[in-house]
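# Structural overview
What follows is the residue order along each chain.
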Amino acid sequence: MSATPQLPPVAKLEQKTVIDLVAKGKRIDERGPESYRPIQIQVGLIEKANGSAQVHLGKSKVLAGIKVQIGTPFPDTPDEGVLTVNAELVPLASPSFEAGPPSEAAIELSRVVDRGIRESKALDMKSLVLQKGKTVQVVYVDIYVLDHDGNLIDAASMAALAALVNSKVSKMEVKGDEVINKGGHHQLPLNNYPVAVTFAKVDRTIIVDPSLEEEQVMNARLTVTIDKNGDICAMQKGGLYGFTPDEVRKAVHMAVGKAAENRARIMAAAKG
Amino acid sequence: MNKLPEPKQPEKLIDDKGLRIDGRRLDELRPIKLEVGLLDKADGSAYIEQGKNKILVAVYGPREAHPKHIAMPERAVIRCRYHMAPFSVDERKNPAPSRREMELSKVIRESLEPVVLTDLYPRTTIDLFIEVLQSDGGSRCAGITAASLALADAGIPMKEMVAACAVGKIEGKLALDLSDAEDKYGEADIPVALVPNAGLVTLLQMDGHLTLSEFEQGFTMALEACKTLNAMQREVLKKKYATIKEAAEEREEAEVVA
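For the structure given in this document, a descriptive report is provided here. Given the structure is predicted, the values throughout are model-derived calculations rather than measurements.

### Quick word on the overall build of chain B
Broken down by element type, chain B carries four helices and nine strands. In chain B, the order of α-helices and β-strands from amino to carboxyl end is β-β-β-β-α-β-α-β-β-α-β-β-α. Relative to its length of 258 residues, chain B is compact, with a C-alpha radius of gyration of 20 Å against a globular reference of 18 Å. Along the longest, intermediate and shortest principal axes, the C-alpha atoms of chain B span 65 × 50 × 40 Å. In chain B, the proportion of contacts linking residues at least 24 apart, taken out of those at least 6 apart, comes to 67%. As presented, chain B carries roughly 12100 Å² of accessible surface, and 54% of it is formed by carbon and sulfur atoms. Computing the positive centroid from 36 side-chain charges and the negative centroid from 43, chain B places the two 3 Å apart.

### Observations regarding the interface of chain A and chain B
Each partner contributes residues to the interface: chain A has 44 residues there, and chain B has 46 residues. Buried surface at the junction of chain A and chain B, both sides included, amounts to about 3900 Å², of which 58% is carbon and sulfur. Between the two partners, chain A and chain B, sit five salt bridges. The shortest N-O distance in the salt bridge between A:Arg115 and B:Glu103 comes to 2.5 Å.

### Quick notes on helix 2 (residues 139-153) of chain B
Compared with the 21 Å implied by 1.5 Å per residue over 15 residues, the 20 Å span of helix 2 of chain B between its first and last C-alpha is a close match. With 15 of 15 residues buried, helix 2 of chain B lies mostly within the body of the structure.

### Some thoughts on the packing of aromatic side chains
Residues and elements named next belong to chain B. Under the counting rule described, the total for this entry stands at two aromatic pairs over all chains. Pairing Tyr 60 with Phe 129 gives two aromatic rings, centres 6.1 Å apart and planes at 70°, and the pair type is edge-to-face. Taken together, the residues Tyr 60 in strand 3 (residues 53-64) and Phe 129 in strand 5 (residues 124-134) connect sequence positions 69 residues apart. You can call Tyr 60 partly exposed: its relative accessible area is 25%. Residue classification places Phe 129 among the partly exposed residues on the basis of a relative accessible area of 23%. Between the aromatic rings of Phe 215 and Phe 219, the centroid separation amounts to 5.2 Å while the plane-to-plane angle is 15°, which identifies the pairing as stacked.

### Examining the packing of helix 5 (residues 245-271) of chain A against helix 4 (residues 212-257) of chain B
Orientation of helix 5 of chain A relative to helix 4 of chain B, taken along the N-to-C sense of each, is 165°, at an axis distance of 11 Å. Between helix 5 of chain A and helix 4 of chain B, the interaxial angle falls into the category roughly antiparallel. As helix 5 of chain A packs across helix 4 of chain B, the resulting crossing turns out to be right-handed. Along the contact surface, helix 5 of chain A presents A:Pro245, A:Val248, A:Arg249, A:Val252, A:His253 and A:Val256, while helix 4 of chain B presents B:Leu212, B:Phe215, B:Glu216, B:Phe219, B:Thr220 and B:Leu223.

### Comments concerning a negative patch on the surface
Residue and element names in this part refer to chain B. A contiguous patch of negative charge, built from Glu 246, Glu 249, Glu 250, Glu 252, Glu 253 and Glu 255, is present on the exposed surface. For Glu 249, the position within the fold is in helix 4. For Glu 249, a relative accessible area of 40% corresponds to the partly exposed category.

### A few points about the sheet that holds strand 6 (residues 163-170) of chain B
In sheet architecture, strand pairing relies on hydrogen bonds along the backbone and comes in two forms, parallel and antiparallel. Strand order in the open sheet made by the eight strands is 11(A)-10(A)-12(A)-13(A)-9(B)-8(B)-6(B)-7(B), with antiparallel pairing throughout. Every interior strand has two partners, whereas the edge strands, strand 11 (205-208) of chain A together with strand 7 (173-176) of chain B, have only one. Geometrically, the sheet is characterised by an average inter-axis angle of 20° between neighbouring strands, direction not taken into account. Against the sheet, helix 2 of chain B touches strand 6, strand 8 (188-195) and strand 9 (200-210) of chain B, its axis set at about 165° to strand 6 of chain B. On top of the sheet, helix 4 of chain B reaches strand 13 (232-238) of chain A together with strand 6, strand 7, strand 8 and strand 9 of chain B; it is set at about 145° to strand 6 of chain B, its chief contact.

Rules used in this analysis
- Sequence order as written defines the numbering, with residues in each chain counted from 1.
- Chain letters start at A and ligand numbers start at 1, both assigned in the order the entries are written.
- Given that this is a predicted model, residues contribute local features only at a pLDDT of at least 70 and side-chain atom pairs are listed and counted only at 80 or more, while totals for whole chains, interfaces and linings are drawn from all residues.
- Side-chain metrics in this entry use all non-hydrogen atoms of the structure; hydrogen atoms and water are not considered.
- Numbering of helices and strands runs from the N terminus, with a helix taken as a DSSP run of H or I at least four residues long and a strand as a DSSP run of E at least two residues long.
- For this measure, only C-alpha atoms enter the radius of gyration; the expected value for a globule follows 2.2 Å times N^0.38, where N is the number of residues.
- Any two residues whose heavy atoms approach within 4.5 Å at even a single point are treated as in contact.
- Only the protein chains shown count as cover for residues, and all accessible areas are computed by the Shrake-Rupley method using a 1.4 Å probe.
- Only four residue types enter the charge count: Lys and Arg as positive, Asp and Glu as negative, with His and the chain ends excluded.
- Here the site of a charge means atom NZ of a Lys, CZ of an Arg, CG of an Asp or CD of a Glu.
- Two parts placed together each lose some accessible area under a 1.4 Å probe, and the buried area is that loss summed for both.
- We define a salt bridge as a side-chain nitrogen of Lys or Arg found within 4 Å of a carboxyl oxygen belonging to Asp or Glu.
- The span you would expect from a helix comes to 1.5 Å times its residue count less one.
- Whether a residue is buried, partly exposed or exposed follows from its accessible area with a 1.4 Å probe, protein chains only, as a fraction of its type maximum: under 20%, in between, or over 50%, in that order.
- Aromatic pairs are defined between Phe, Tyr and Trp rings, using the six-membered ring for Trp, whenever the two ring centres lie within 6.5 Å; interplanar angles under 30 degrees are classed as stacked, those over 60 as edge-to-face, and all others as tilted.
- Between the N-to-C directions of two axes lies an angle of 0 to 180 degrees, each axis being a line fitted to C-alpha atoms and, for a helix, fitted only over the stretch in contact.
- We call two directions roughly parallel when the angle between them is under 35 degrees, roughly antiparallel when it is over 145, roughly perpendicular when it lies between 65 and 115, and oblique otherwise.
- Each crossing gets its hand from how the near helix is turned against the far one by less than a right angle, where anticlockwise is left-handed and clockwise is right-handed.
- In this scheme, patches are assembled from residues that exceed 30% relative accessible area and form no salt bridge. Like charges are connected within 9 Å, while nonpolar side chains (Val, Leu, Ile, Met, Phe, Trp, Tyr) are connected within 5 Å.
- The pairing criterion for strands is at least two bridges between them, as found by DSSP.

Written out as structure tokens, the structure is:
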């Protein structure tokens, strides 16, 4: 059952400072309302994964690892491989994260990232088939939140995309009942590059890339995931309040430009 | 895993006359039936049929928070469970809550939070149970529309009711209130919830592919449909109170006669 989250223990004075600054068009970390925190992307840190990427978004840190394994396709899509996205809010990342089964925040995070990749048809699912209806490659995208300083959705979306671009898979084929290695590697076949852009409404102002302090006072958030053509492939509103229709329209338009900037960063970092 | 044969994919989602598989126009809602107060034990309840969707919602509360540590000192906690019956879909659904149901429980709760005057009932919970008895696309939206009614039926103070409706894209055209097949074989789905008088969008999701102008057009269609649904919600509530009033008047008359 989903319950109203407990309010974070933030001093009223601190909340007021954050809100007042945003109302004046400023922010607590001296950014403008429409700018991201510094973004750093490193790929290939985890040698045992097929692909990996770590994204620093300000002080938020998210690591994504790709594992490609052999499995069976879903019965309704015998000619497609399988994509699975999971997110772990690791307890070392925040005093508010606890060990145990995934929280609804973790489920939402993974499902929003999943929707961006799946709906933009980023991964060529057909090319993952080794034997129709029987044997396919299963691509696991595992998102590991290491330090939570706000806007985990954008950090996770960037890490997942960078890790997918970074992935190398050994060439395989099916002989008889066995999957054998043909030798050599290939890249994961990608057709699209979705990037999530998250906005928060603080007081009555829309800001991009909310930090944790801003998330703790925000009314609501909206994530818009944009594909390589500048079209929308996923959206998700969260938070206890809402947006006016005009605020939604403004955010959607702003997302296109922001996504293009971040996509360029990801591609540059992932291709090294 | 053994699998039943799939229901056949319709050849076309829109026919030559521009009508959809169920005969609707692109901007037409499915037939909707709303009822309130049909459960005996719940503090408030509502039922919605929208196309083949059949959804029952119960509200319990405000009631003492259990376990106690979840209570909040300044407001009521809203809890929400969206759940699908195992027989509500083509292939039996495992009754254990799926990740999808957990996400929907969260977004539905968030869509209703802004209208409930939770600060009137500190340390309590208001529990919403949404049971999808039969699912036919757009069940989260129908669930929100019915949940608002159930809250009102429970007499919980609210600013106004929330109404929700989805818009999608089928065969390149925007279409209101997607059915199951249209959602499955269509190209995009945007569920929207609106608080009409406040002009607040409290649920907005989307998956698929839309250009900015398609989004703009579809979003506007969905907002308009939410207003239509809101008028229907009001009618149902008015009817409930008219019935109560009539019954009371009849009782009074009977007493006078006696």
